[in-house]
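Letter by letter, the chains look like this.
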Amino acid sequence: MSADLVYDVIVVGAGVEGSASAENLSKRDGIRVLLLEQFPLPHSRGSSHGQTRITRRAYTDAFYTQMMDFCSKYWTRLQETSGQDIFRQVGYLAIGAIGGEFLKENIHCMTVNNAPYTLLQPQDFRRKYPMLRFADDIGGLLDPDGGVLMADKILLAMRKSFLSHGGTLRDGERLEQIVPGETIEVQTNKGRHRGKSLILCCGPWTNQVLAPLNLRLPLKPQRISVCYWRERESGSHSPQKLPTFLDDRCCDGHCIYGIPSLEYPGHVKLCLHYGPEIDAELRDVPNTDYVLRLLKDYVRDKFPGLEYEPSIVESCVYTLTPDCHFLLDRHPAWSNIVIGAGFSGHGFKLSPAVGKILADLALDVKTHDFDLTPFKLSRFGSANKANL
Ligand SMILES: Cc1cc2nc3c(=O)[nH]c(=O)nc-3n(C[C@H](O)[C@H](O)[C@H](O)COP(=O)(O)OP(=O)(O)OC[C@H]3O[C@@H](n4cnc5c(N)ncnc54)[C@H](O)[C@@H]3O)c2cc1C
């Protein structure tokens, strides 16, 4: 590495949000980008690994539905340019009581964004999905554009595109120190780099990285048990019969979501949107009995066509904010340090928009595509800023 080289932007963290930011920057004329990742790639210690993620327009906040226009176009383009099968349009089903808040909010978001959907009354819901057992007042909103993103393939395709546009990727290289200034210096376990701006996308490690910059965010990393349940009858929960789904606050106040059997043959992915709080370095320790008990009871009652015990349990990490909205903003003291954090278990599908927003902030380009108000640091108040 040349001691004189000053990158336009250094991005720290090659999860999906850092990779999307770096790729977006690399496509802009004359912008030199360095992407740093602490682990050798690929790795499974953060939030972005695994084969599948749900994508959907149906949300309970209209600004996410609006952002999905941009993201859907990106996913289609990445599918074409990478030649990889990265998106399966199997639909998405929001499950809830007819007339209840959850479905009303989903309908509102789809309507104001002119997105197509079908509202399934309870009898239609039961007829269409005979493998499900729900109470008589439960129906669904079907989002036909939803489906499955193939996460590991996407990360690979994003990084490939980043490298092909001239970006520099250094994995197995951990950021250890940041010296802020007009030109920022970062010290890693392998050397020193300089950049005009810095984007931090460090997932559950965000507060460790921010501590020397006197900033502590209200982020809660949680360990999520990713469970796969075997079909009793082969093909009964295939993507032709069942879309991706989310059942709102159905399980001790937590949501359940899932993906039909397309990842491990004959297995439905079905998870609780909750897990024990962890330290990113100690995530394999916590007891998950509570989570598994809730999931097993749910499967027994609502998915009788699946075996009662999960046959595969993997793990992944969420990093939650108090309101479950992302944090996309500048450091309050150093405007050339940009933070993307707190993706709260729903950031994968939106990573193309996140990457554009963070790239615009780093280059000080005005973002007109999206309203950034919901993502501001100031919404957490001063309690989370230390010694600024
Ligand atoms: C089980 C599960 C299911 C999910 N399902 C969905 C879904 O269906 N749909 C959806 O849209 N979203 C979903 N999500 C959420 C989505 O996957 C996350 O929001 C997203 O992956 C967050 O990415 P990230 O880049 O912020 O974090 P990460 O993937 O954790 O990336 C952060 C990176 O920073 C690196 N790093 C940290 N510190 C340093 C350092 N000092 N130096 C260098 N590198 C460093 C880490 O090693 C890591 O690679 C799910 C998440 C989980 C866990």
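An unreviewed UniProt entry annotates the chain as Peroxisomal sarcosine oxidase of Plakobranchus ocellatus. According to its UniProt record, the chain has this under Cofactor (unreviewed entry): "FAD". Regarding the chain, the UniProt comment filed under Sequence similarities (unreviewed entry) reads as follows: "Belongs to the MSOX/MTOX family."

### A short note on unusual backbone geometry
Residue Pro 42 is reached from Leu 41 by a cis peptide bond, and omega for that bond is -5°. Structurally, Pro 42 is set in the loop between β2 (33-36) and β3 (52-55). Of note in this structure, Asn 214 is not a glycine but carries a positive phi near 55°. Examined against the element boundaries, Asn 214 turns out to sit in the loop between α6 (206-210) and β13 (220-230). Unusually for a residue other than glycine, Asp 252 sits at a positive phi of about 55°. The exposure class of Asp 252 is exposed, given its relative accessible area of 54%.

### Notes on the site of the ligand
Among the 35 residues in the neighbourhood of the ligand, the closest are listed as Glu 37, His 43, Ser 48, Ile 54 and Cys 316. Contact distances for the ligand include 2.9 Å between an oxygen atom and a side-chain N or O atom of Arg 53. Bound to the protein, the ligand loses 97% of the 1,000 Å² it would expose on its own. Of all elements in the fold, only α1 (16-26), β3, β13 and β17 (312-320) reach the threshold of two or more residues within the shell around the ligand. Per element, the largest residue contribution to the shell around the ligand is three residues, and it comes from β17. Considered class by class, the residues forming the shell around the ligand number 18 nonpolar, 11 polar and six charged.

### As for the sheet that holds β13
Sheet architecture is open: eight strands sit in the order β6-β7-β5-β14-β15-β16-β13-β17, paired in mixed fashion. With one partner strand each, in any of the chains shown, β6 (118-120) and β17 form the two edges of the open sheet. In this sheet, neighbouring strand axes are inclined to one another by 25° on average, regardless of whether the strands run parallel or antiparallel. Pairing analysis gives nine bridges linking β13 to β17, with the strands arranged antiparallel. Directly across from Tyr 228, in β17, lies its bridge partner Ile 312. Lying on the sheet, helix α3 (residues 101-112) is in contact with β5 (92-97), β6, β7 (138-143) and β14 (244-251); it crosses β5 at an angle near 140°. The strands touched by helix α7 (residues 289-302) are β13, β14, β15 (254-259) and β16 (267-272); relative to β16, the strand with the most contacts, the crossing angle is about 125°.

### Remarks on the sheet that holds β3
Reading across the sheet, the three strands line up as β3-β8-β4 and stay open at both edges, with antiparallel pairing between neighbours. The sheet is open, and its two borders are formed by β3 and β4 (87-88), each paired with just one other strand. Direction of pairing for β4 relative to strand β8 (residues 147-150): antiparallel, over a ladder of two bridges. Paired with Phe 87 across the strands is Leu 149, a residue of β8. The strands that helix α5 (residues 151-164) touches are β3 and β8; relative to β8, the one it contacts most, it runs at about 50°.

### Observations concerning the nonpolar core
Trp 75 and Ile 199 are the most contacted members of the largest nonpolar core, which has 44 residues in total. Residue assignment for this core shows that the elements contributing at least two residues are β1 (6-12), α1, β2, α2 (62-82), α5 and α8 (351-363). With near-sequence residues (within four places) excluded, Ile 199 lies in contact with Val 9, Ile 10, Val 11, Val 12, Ser 21, Leu 25, Val 338, Leu 358, Ala 359 and Ala 362.

### As for the domain arrangement of the chain
Once the domains are mapped, the chain shows domain 1 (6-48 + 152-216 + 323-384) and domain 2 (89-146 + 220-320). The distance between the C-alpha centroids of domain 1 and domain 2 comes to 30 Å. Across the contact, 14 residues belong to domain 1 and 12 residues belong to domain 2. Taking both sides of the interface into account, the surface hidden between domain 1 and domain 2 amounts to around 1,000 Å²; carbon and sulfur atoms contribute 45%.

### Comments concerning the packing of aromatic side chains
Here the structure, examined in full by the defined rule, presents 17 aromatic pairs. Judged by centre distance (5.6 Å) and plane angle (90°), the rings of Phe 70 and Phe 370 are edge-to-face. Remark: Phe 370 occurs in the segment after α8 and Phe 70 occurs in helix α2; sequence separation between them is 300 residues. Judged by relative accessible area, Phe 70 falls into the partly exposed class, the value being 28%. Consider the rings of Tyr 228 and Tyr 264, whose centres lie 4.7 Å apart with planes at 75°: the pair is edge-to-face. Here Tyr 228 is found in strand β13, whereas its partner Tyr 264 is found in the loop between β15 and β16, with 36 residues between them in sequence. The buried category is assigned to Tyr 228, whose relative accessible area is 1%. Judged by relative accessible area, Tyr 264 falls into the partly exposed class, the value being 22%. One aromatic cluster is present, built from ring pairs that chain together Tyr 59, Phe 63, Tyr 64, Phe 326, Phe 343 and Phe 375.

What counts and what doesn't
Residues numbered from 1 in each chain as written. Predicted model: local features only at pLDDT ≥ 70, side-chain atom pairs only at ≥ 80, totals over all residues. Heavy atoms only, no water. UniProt positions renumbered as here; feature names shortened; annotations may be inferred. Helix = DSSP H or I, 4+ residues; strand = E, 2+ residues; numbered from the N terminus. Buried < 20%, exposed > 50% of the residue type's maximum accessible area, 1.4 Å probe, protein only. Near = heavy atom within 4 Å. Polar contact = N/O pair within 3.5 Å; in protein donor to acceptor, adjacent residues only side chain to side chain. Areas by Shrake-Rupley, 256 points an atom, 1.4 Å probe, with all protein chains shown as cover. Nonpolar A, V, L, I, M, F, W, Y, C, P; charged D, E, K, R; others polar. Pairing = 2+ DSSP bridges. Axes fitted to C-alpha atoms, helices over the stretch in contact; angles between N-to-C directions. Contact = heavy atoms within 4.5 Å. Core = buried A, V, L, I, M, F, W, Y, C linked by side-chain atoms within 4.5 Å. Domains from an automatic or database assignment. Buried area = accessible area lost by both parts, 1.4 Å probe. Phe/Tyr/Trp six-rings, centres within 6.5 Å; stacked < 30°, edge-to-face > 60°.

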